[in-house]
Amino acid sequence: MALVKAGVVVLDCAEPEKLAEFYRELLDGERLSASANLVEVRGADGVRLAFRRDVNATPPSWPRPENSLQAHLDFLVEDLDEAERRVVGLGGRPIETRDAAGPYEERGYADPAGHSFTLRLLPPTAPKQG
């Protein structure tokens, strides 16, 4: 039997309730638990995130190297444009812009508290041959 049952990524922020709601909506998830200082959510695919209150939290400033001690999340999506509309509609913002020529495999964003994350396009799966 495994000693460790599950892993949870915990992000520090000033307002854990608001940030938990952003990710719950983004991940089509559910709120698992909440206390005065910690809120945990589970996405529809099972990913677990928690948000811990830190009244002195300051937003990270990705990609500046002087703020290198920070988490970075990647989320796999089937449609980058649709996912971007959802992120922005929930209060996130694009942080990594690229030259407009051609399709891109991923895009960078910041959540409402400033934590960076990436939406990455799921690679297409070709049908098996033969």
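- The name that an unreviewed UniProt entry assigns to the protein is Extradiol dioxygenase, with the source organism given as Streptomyces corchorusii.

### Observations regarding a nonpolar patch on the surface
At step 1: Nonpolar side chains collect at one region of the surface, where Val8, Val10 and Leu38 lie side by side and expose about 190 Å² of accessible area between them.
At step 2: Tracing the backbone shows Leu38 in strand β3 (residues 38-42).
At step 3: Residue classification places Leu38 among the partly exposed residues on the basis of a relative accessible area of 32%.

### Some remarks on the pattern of salt bridges
At step 1: On inspection of all chains with the given rule, the structure shows 11 salt bridges.
At step 2: For Arg24, the salt bridge is made with Glu21, and the minimal N-O distance between the two is 2.7 Å. Note that Arg24 and Glu21 are positioned in helix α1 (residues 16-26) at a spacing of three residues, about one turn of the helix.
At step 3: Here Arg24 falls in the partly exposed class, since its relative accessible area comes to 23%.
At step 4: Assessed through its relative accessible area of 35%, Glu21 is described here as partly exposed.
At step 5: Here Arg107 and Glu84 are joined by a salt bridge, their closest N and O atoms 3.4 Å apart. One end of the pair, Arg107, is in strand β7 (residues 106-110); the other, Glu84, is in helix α2 (residues 80-89), with 23 residues separating them in the sequence.
At step 6: A single network of salt bridges, built from pairs that share partners, joins Glu21, Arg24 and Glu25.

Cut-offs used in this document
- Residues numbered from 1 in each chain as written.
- Predicted model: local features only at pLDDT ≥ 70, side-chain atom pairs only at ≥ 80, totals over all residues.
- Heavy atoms only, no water.
- Patch = residues over 30% accessible without salt bridge, like charges linked within 9 Å, V, L, I, M, F, W, Y side chains within 5 Å.
- Areas by Shrake-Rupley, 256 points an atom, 1.4 Å probe, with all protein chains shown as cover.
- Salt bridge = Lys/Arg side-chain N within 4 Å of Asp/Glu carboxyl O.
- Helix = DSSP H or I, 4+ residues; strand = E, 2+ residues; numbered from the N terminus.
- Buried < 20%, exposed > 50% of the residue type's maximum accessible area, 1.4 Å probe, protein only.

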